[in-house]
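The residues making up each chain are set out below.
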Amino acid sequence: MGKCHHPGWNNVPSSFFRRMILDALRCGGGGRGHKKRSPPDQPPPRSECEYKKPPGSDNKLSDLLRLSELSEDNEEEEDIGRKMQMLEELKRVVKCLQSSDSSCVLDGAKEVRRLTKDDSQARTNLALLGAIPPLISLLDDSQDSVSHIASLYALLNLAIANDPNKAAIVKSGAIHKMLKLVTEFPNPEVAEAVVANFLGLSALDSNKPIIGSSGAIAFLVKTLKNVDNNTNNSCQEDSLRALYNLSISPLNVFPILETDLIQYIMSKLGDMDVSERILSILCNVVSVAAEARKAINSVPDAFSMLIDVLSWADAPGCQEKASYILMVMAHKSYGDRQAMIEAGVASALLELTLLGSTLAQKRASRILECLRVDKGKQVSENYGGGMSAAISAPQASTTYSSTVQLKDRMEDAMMSEEKKAVKQLVQQSLQNNMKRIVKRANLPHEFLPSDHLKTLTSSSTSKSVPF
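Bear in mind the structure is a predicted one, so any value in this text is a computation, not a measurement.

A. Representation of the pattern of salt bridges. Taken as a whole and judged by the stated rule, the model has 8 salt bridges. In this structure, the salt-bridge partner of Glu 89 is Arg 114, at a minimum N-O distance of 3.4 Å. A residue pair is termed long-range when its members are at least 10 positions apart, and Glu 89 in helix α2 (residues 60–97) and Arg 114 in helix α3 (residues 102–115) qualify at 25 residues. Residue classification places Glu 89 among the partly exposed positions, given a relative accessible area of 24%. For Arg 114, a relative accessible area of 47% corresponds to the partly exposed category.

So this is what it looks like as structure tokens:
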């Protein structure tokens, strides 16, 4: 039976429907054709049932329904009782947090962490009762790491899947106090709790600029790089995810560029476990600032690494992100386009246009078009000026037919030069790809003779190349 979607029925208790069924059964209703019709000259029957049970009939069904109705009422009363009891317990916990006794405050923080672990309603109610300010005050009222950890995890649980609580925690000044903890009282467990809080709080868009401008990015980069050699893998993963959240806001791109995050994550690009997250960060920053593109370009073999990602057929998400980064950089800089060509991007893009996802194919085609336009401009610059001068100022003895022949020769020269440019582009790409293949397979450089390479390039360019 379909669920009723009328807003007025959502608050009706199920016992109401049970009473309706019971009344219908007592009246003998529920079936078609059993309703007694009144003669035209008599008034309609009253709402009370006019059908009476035959003497000696069985009353078990009515008794069962009556017991079910009583049980339903008892369940509702018990549910209300449990909610009232829980509310009283939450009030007691908040009162404990507001106590002047430090041990009582610590117990209250531990209770908040326990109660909010799996109960979304408890998170909302505790925040409404005022649990957040005393928990934040606990971060600077004591130098005891036990109290700090209890408070941090209590705040972490309060913010789970609750945007109002996330906003309230940040507005209360928790970010600066957390950073003060990790700088003045360095402790690996406290640092892990702070990273976990930054990850949860940075999921809210309005919190991203506040966290990014507080200095948290430098701390997260330091934790990701594990400078102190005391960070576990899960904490590093949380740092990378928090940095991704922060990179979504354009206001955080320049604070990210003030660190060496771009250079570090580019060096980790081959790690399949984190590569998609790394590429996501690069996608967020590459289109915002030229400084971000320069930071990527400054990494040795940056384009070779990105082009290598285009061949990850089992990771289409990585292919799409790498092609986006290359597309943005190709459209923004002629120098980057030339560096891509030298790294062998053409053949990788041609393969991606055939085997990649729909989005990757579109991006690869746009990069190829950009490279094709560059080659066309080079041909025009090399041959357009001299030929146009010869045509614009012909000698007096030049006839119409000679002018046409001159134009034909010019077009032939331009076409042949364009073919040479395309051939050179493909040849460079194939040479670079062969070098990469030989390097990957640990084969000697003499494995592929140069004559065979020339034959391969000449045969490949004899056909029309879809640049």
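B. Fine view of helix α8 (residues 174–184). Within α8 the residues assigned to the buried category are Ala 174, Ile 175, Met 178, Leu 179, Leu 181 and Val 182. Relative to the axis of α8, the buried residues are bounded by an arc of 150 degrees and lie together on one face. Exposed residues lying more than 90 degrees from the buried face of α8 are His 176 and Thr 183. Looking at the packing, one finds that the buried side of α8 touches α5 (132–141), α6 (145–158), α7 (163–171), α9 (188–201), α10 (208–212) and α11 (216–225).

C. Up close: the state of the cysteines. Following the criterion strictly, the structure yields 1 disulfide and no others. Between Cys 96 and Cys 104 runs a disulfide, and the two sulfur atoms are separated by 2.3 Å.

D. Local environment of the side chain of Arg 123. Within the secondary structure, Arg 123 is located in helix α4 (residues 120–129). Buried and without a salt bridge, Arg 123 has Asp 118 as its closest oppositely charged side chain, separated by 5.5 Å. In terms of polar contacts, Arg 123 uses its side chain to reach the backbone carbonyl oxygen of Thr 116, at 2.9 Å. Apart from the residues within four sequence positions on either side, Arg 123 is in contact with Thr 116, Lys 117, Asp 118, Asn 157, Leu 158, Ile 160, Asn 162 and Asn 165.

E. A look at helix α16 (residues 290–297). For α16, the complete set of buried residues consists of Ala 292, Arg 293, Ala 295 and Ile 296. Buried residues along α16 cover an arc of 155 degrees about the axis, so they all sit on one side. Along its buried surface, α16 packs onto α13 (253–257), α14 (261–267), α15 (275–286), α17 (302–309) and α18 (316–332).

F. Structural view of the packing of α15 against α18. Put simply, α15 and α18 touch, their axes get as near as 9 Å, and they point 25 degrees apart. The angle between α15 and α18 places the two elements in the roughly parallel class. Crossing geometry of α15 relative to α18 is assigned as left-handed. Along the contact surface, α15 presents Ser 275, Glu 276, Leu 279, Ser 280, Leu 282, Cys 283 and Val 286, while α18 presents Gly 317, Cys 318, Lys 321, Tyr 324, Ile 325, Val 328 and Met 329. Of the residues belonging to the contact of α15 with α18, the class tally is 9 nonpolar, 3 polar and 2 charged.

G. Representation of the packing of α17 against α18. One way to put it is that α17 packs onto α18 with a least axis distance of 8 Å and a crossing angle of 140 degrees. Of the possible angle classes, the one that applies to α17 and α18 is oblique. The crossing of α17 and α18 is left-handed. Across the interface between the two elements, Phe 303, Leu 306, Ile 307 and Val 309 of α17 pack against Cys 318, Gln 319, Ala 322, Ile 325, Leu 326 and Met 329 of α18. Tallied by class, residues from the contact of α17 with α18 come to 9 nonpolar, 1 polar and no charged.

Calculation rules
Counting from 1, residues in each chain are numbered in the order their sequence is written. At least 70 in pLDDT is required for a residue's local features to be given in this predicted model, at least 80 for side-chain atom pairs to be given and counted, and no such filter applies to totals for whole chains, interfaces and linings, which use all residues. Hydrogen atoms and water are omitted, and side-chain values are computed over all heavy atoms in the structure. By definition, a salt bridge exists where a carboxyl oxygen of Asp or Glu is found within 4 Å of a side-chain nitrogen of Lys or Arg. Numbering of helices and strands runs from the N terminus; a helix is a DSSP stretch of H or I covering at least four residues, while a strand is a stretch of E covering at least two. A 1.4 Å probe rolled over the protein chains alone gives each residue an accessible area, and that area as a share of the maximum for its type sets the label: buried under 20%, exposed over 50%, partly exposed in between. In this context, the arc is that of the directions from the helix axis out to the C-beta atoms. Between two residues, a contact is recorded if the distance between any of their heavy atoms is within 4.5 Å. For this text, the term disulfide refers to a pair of cysteine sulfurs within 2.5 Å. Only four residue types enter the charge count, namely Lys and Arg as positive and Asp and Glu as negative; His and the chain termini do not. As used in this structure description, the phrase polar contact means that two N or O atoms lie within 3.5 Å; if the pair is within protein, one of them must be able to donate a hydrogen and the other to accept it, and residues adjacent in sequence are counted only when both atoms belong to side chains. Each axis is a line fitted through C-alpha atoms, and for a helix only the stretch in contact is used; angles between axes span 0 to 180 degrees, taken between their N-to-C directions. Convention used here: angles under 35 degrees read as roughly parallel, angles over 145 as roughly antiparallel, angles from 65 to 115 as roughly perpendicular, and any remaining angle as oblique. Throughout, a crossing is termed right-handed when the near helix is turned clockwise from the far one, and left-handed when it is turned anticlockwise from it by less than a right angle. Any residue that is not Ala, Val, Leu, Ile, Met, Phe, Trp, Tyr, Cys, Pro, Asp, Glu, Lys or Arg is counted as polar, Gly included; the first ten are nonpolar and the last four charged.

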